[in-house]
Amino acid sequence: MTSLFELCKRIYTETHLDNPVGDFSIARWEGIIMEDINEENSYVVINENKVIAFSFMYQVYASNWELGWIGAQDRTEMNLLDLLITRQLNDAVMSGIKTIEKEVDSTCPYSLHIV
């Protein structure tokens, strides 16, 4: 799990250079990321015990989810985001979810990839 939170921190830090993030511990990052997460419909790709992509879903209301933190080890693995998000969309249909929200961050290539 530590490698997952370290990857999240690295991606967020790299994509928010104009508005730098505070110097938080990995435990604090874990708390931020895991708060209100929909664990059943959030996915991580692991290869050789290393997290290479992730897509986290959050429950907003009974019929509304929010696609939150997404990313990959590097931009050559963007196709993995497509697979994860397709799975999440299928989950949403099966769960009767009416709306999925997503904040698009113009400084984040992973966020822009799924627009």
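From a predicted model like this one, the values you see are computed outputs, not experimental measurements.

**Some points on unusual backbone geometry**
The phi angle at Glu48 is positive, at roughly 55°, despite the residue not being glycine. Mapping Glu48 onto the fold places it in the loop between strand E1 (43-47) and strand E2 (50-61).

**A short note on the nonpolar core**
Counting residues in each nonpolar core, the largest one holds 29 residues, and the members touching the most others are Leu4, Cys8, Ile33, Phe54, Phe56 and Tyr110. Those elements that provide at least two residues to this core are helix H1 (2-15), helix H2 (26-34), E2, strand E3 (64-72) and helix H3 (78-95). Here this core takes seven residues from E2, the largest share from any one element. Residues contacting Phe56, with those up to four places away along its chain left out, are Leu4, Cys8, Ile33, Ile37, Ser42, Tyr43, Val44, Glu66, Leu67, Gly68, Trp69 and Gln88.

**Section: the pairing of E1**
By the bridge criterion, five bridges tie E1 to E2 in an arrangement that is antiparallel. From the neighbouring strand, Asn47 faces E2, where its bridge partner is Lys50. With antiparallel pairing between neighbouring strands as the criterion, E1 and E2 make up a hairpin whose turn holds two residues, including Glu48 at a positive phi of roughly 55°.

What counts as what
- Residues numbered from 1 in each chain as written.
- Predicted model: local features only at pLDDT ≥ 70, side-chain atom pairs only at ≥ 80, totals over all residues.
- Heavy atoms only, no water.
- Helix = DSSP H or I, 4+ residues; strand = E, 2+ residues; numbered from the N terminus.
- Core = buried A, V, L, I, M, F, W, Y, C linked by side-chain atoms within 4.5 Å.
- Buried < 20%, exposed > 50% of the residue type's maximum accessible area, 1.4 Å probe, protein only.
- Contact = heavy atoms within 4.5 Å.
- Pairing = 2+ DSSP bridges.

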